[in-house]
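Chain by chain, the residues:
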Amino acid sequence: MWKSFGFVATLTAGIALASAASARDLNVVSWGGAYQEAQKKVYFEPFKKAAGLPMNDESWDGGIGVLRAKVQGGNVTWDVVQVESEELALGCEEGLFEQLQYAKIGGEQAYLPETVNPCGVGAIVYDFVLGYDKDKLKDAPKSWADFFDTKKYPGKRGLRQGPKTTLEIALMADGVAPKDVYKVLGTDQGVERAFKKLDTIKNDLVWWKAGAQPPQLLASGEVAMTSVYNGRIDAANKAEKKNFGMVWNGALYTIDSWVILKGSPNQEAAYKFLDFVGKAENQAKLPQHIAYGTSNKGAAAKVDKALLTDLPTAPQNLANAIEINTSFWLENIDRLTERFNKWAAK
């Protein structure tokens, strides 16, 4: 009898553990640094309070391989993840994300058309811009050509590690008009031209991976200029009283999206989270902390007018900017990453 009771107790404990595992807290994953700190204030903490749901937030540096490993390995420890545009496209094609039920998050019509996707909903519009420290560079750079001019502007340069944005920046520095960048980069000669331009500052390059790094590189003086997410400059100036400047000329803009990983055991909570962060009144609070554009159609009207000019979506900031071409990178990311890695290793 006691053996039987022991077996039942063990079985019951096992079932309870399994149940607890499947009912784990909601896990939301973003990009860390000043951006995630802003999200905590505007989204994460208010959501937990409003919904009465436990939630954890983690950060990552991107990469479709990370998401593949979790979903295909049956180890879905993340629920909602913020992804870049090509990760959204690839993951949707490969079945790594749940098909979104927009009726649960306000309906497709609530969002800007460019931010609506079957597998993801827009989180932010943001730019890669040229960043510098105004206290150290009195003669402000005006373009990516200045970024490559190490005689006029001595010092190291920071770029995001990898071909995406790096090759576009090199071509613009070499005189290619923003509107023609992908036409040129789509040719073998264009790729050669970009790497040849990068050769001119190769010994002065410092590579970054996480969005928190460029402001740190500027603050420490390790680099004189760097490519950087526009919001990170804005956040450093607001929160840390830095005197950083940025150049919108030749900026590269794109959209990040929220996705729900396939097989998430917390889909109901995930939808509640997406509904909360998708509301215009909640999104309108984000630019108070970091200057990123919003996805809800009604959010911009609720943003303090003084902040609108600092957003990537302001007309004057879009004037000479280009959208990162997702389809180009979907077709060429593997080939050009291999080429970039060989070049960087030389």
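Positions within a chain are numbered from 1, following the residues in the order the chain's sequence is written. Local features in a predicted model are, by the rule used here, given only for residues with pLDDT of at least 70; side-chain atom pairs are given and counted only at 80 or more, and totals for whole chains, interfaces and linings are based on all residues. Note that the side-chain values use all heavy atoms of the structure and ignore hydrogens as well as water.

1. Observations regarding the overall build of the protein
Note the following rule: Per the convention used, a helix needs a DSSP run of H or I reaching at least four residues, while a strand needs a run of E reaching at least two, with both numbered from the N terminus. Both definitions apply: the radius of gyration is a C-alpha atom measure, and the globule rule equals 2.2 Å times residues to the power 0.38. Note on contacts: a residue pair qualifies if any of its non-hydrogen atoms lie within 4.5 Å across the two residues. Exposure was quantified through the Shrake-Rupley algorithm and a 1.4 Å probe, taking into account, for residues, occlusion by the shown protein chains and nothing else. Only four residue types enter the tally: Lys and Arg on the positive side, Asp and Glu on the negative side, with His and both chain ends excluded. A charge is said to be at NZ when it belongs to Lys, at CZ for Arg, at CG for Asp and at CD for Glu.
Helix and strand counts for the protein come out as 15 helices and 10 strands. Against the globule reference of 20 Å for 346 residues, the protein gives a C-alpha radius of gyration of 22 Å, in line with a compact fold. Its C-alpha atoms give the protein principal-axis dimensions of about 85 × 45 × 40 Å. Counting contacts in the protein only where the partners sit at least 6 residues apart, residues at least 24 apart contribute 72% of the total. When the accessible surface of the protein is summed, it comes to about 15800 Å², and 53% of that surface belongs to carbon and sulfur atoms. Of the charged side chains in the protein, 41 are positive and 41 negative; the average position of the first set lies 3 Å away from that of the second.

2. Comments concerning the packing of helix α8 (residues 188-199) against helix α15 (residues 326-345)
Formally: Axis definition: a line fitted to C-alpha atoms, over the contacting stretch in the case of helices. Angles run 0 to 180 degrees between N-to-C directions. In this scheme, roughly parallel covers angles under 35 degrees and roughly antiparallel covers those over 145, while 65 to 115 is roughly perpendicular and the rest are oblique. If you view the pair so one helix is near and one far, a crossing is left-handed when the near helix is turned anticlockwise from the far one by less than a right angle, and right-handed when it is turned clockwise. Charged means Asp, Glu, Lys or Arg here, nonpolar means Ala, Val, Leu, Ile, Met, Phe, Trp, Tyr, Cys or Pro, and polar covers whatever is left, Gly included.
Taken N-terminus to C-terminus, the directions of α8 and α15 make an angle of 30°; their axes are 12 Å apart at the nearest point. On the basis of their axis angle, the class for α8 and α15 is roughly parallel. Every pair of crossing elements has a handedness; the one defined by α8 and α15 is right-handed. Across the interface between the two elements, V191, E192, F195, L198 and D199 from α8 touch L336, R339, F340 and W343 from α15. In terms of residue class, the contact of α8 with α15 is made up of six nonpolar, no polar and three charged.

3. Considerations on the state of the cysteines
Short version of the rule: Any two cysteine sulfur atoms within 2.5 Å of one another count as a disulfide. Burial status follows relative accessibility: with a 1.4 Å probe on protein chains alone, a residue under 20% of its type maximum counts as buried, one over 50% as exposed, and anything between as partly exposed.
According to the stated counting rule, one finds one disulfide in the structure shown. Paired by a disulfide, C92 and C119 hold their sulfur atoms 2.0 Å apart. In this structure the cystine formed by C92 and C119 twists about its S-S bond by roughly 65°; its chirality is therefore right-handed. Here C92, found in helix α4 (residues 85-93), pairs with C119, found in the loop between β4 (116-117) and β5 (120-133); they are 27 residues apart in sequence, far enough to count as distant. Given the relative accessible area of 23%, C92 is considered partly exposed. A relative accessible area of 0% places C119 in the buried class.

4. With respect to the pairing of strand β9 (residues 244-260)
Stated precisely, the cut-off is as follows: Two strands make a pair as long as DSSP finds a minimum of two bridges between them.
Across the 17 residues that make up β9, a large majority, 14, are buried. The pairing of β5 with β9 spans 11 bridges and is antiparallel. What sits directly across from G131, in β9, is M246. The pairing of β9 with strand β10 (residues 322-323) spans two bridges and is parallel. Each residue of the ladder has a partner; that of L252, found in β10, is I322.

5. Examining the nonpolar core
One broad rule of soluble globular proteins: the nonpolar side chains tend to lie buried together. In plain terms, the rule: Throughout this description, the term nonpolar core refers to a set of buried Ala, Val, Leu, Ile, Met, Phe, Trp, Tyr and Cys residues connected via side-chain atoms within 4.5 Å.
Counting 98 residues, the largest nonpolar core has L67, V81, F97, Y182, W258, F273 and L274 as its most contacted members. Setting aside its immediate chain neighbours within four residues, F273 contacts L26, V28, F44, F47, M55, V80 and W258.

6. Considering the environment of E58
So the rule is basically this: Polar contact criterion, stated in full: a pair of N or O atoms within 3.5 Å, where within protein one must be able to donate a hydrogen and the other to accept it, and residues adjacent in sequence count only if both atoms are side-chain atoms.
With respect to the helices and strands, the residue E58 is situated in strand β2 (residues 55-59). Spatially, the C-alpha atom of E58 lies 8.8 Å from that of W78, the residues being 20 residues apart in sequence. The contact partners of E58, leaving out residues within four places of it in the chain, are N27, V28, V29, S30, Q36 and W78. Here the side chain of E58 touches W78 through a polar contact of 3.1 Å, side chain to side chain.

7. Regarding the environment of E168
Secondary-structure assignment places E168 in helix α6 (residues 166-173). For E168, a relative accessible area of 0% puts it in the buried group. Sequence separation of E168 and G250 is 82 residues, and the distance between their C-alpha atoms is 9.3 Å. When residues no more than four places from it in sequence are discounted, the contact partners of E168 are P163, V181, Y182, L185, L252 and W329. Reaching out from E168, the side chain makes a polar contact with the side chain of Y182 at a distance of 2.6 Å. Side chain to side chain, E168 and W329 meet in a polar contact 2.8 Å long.

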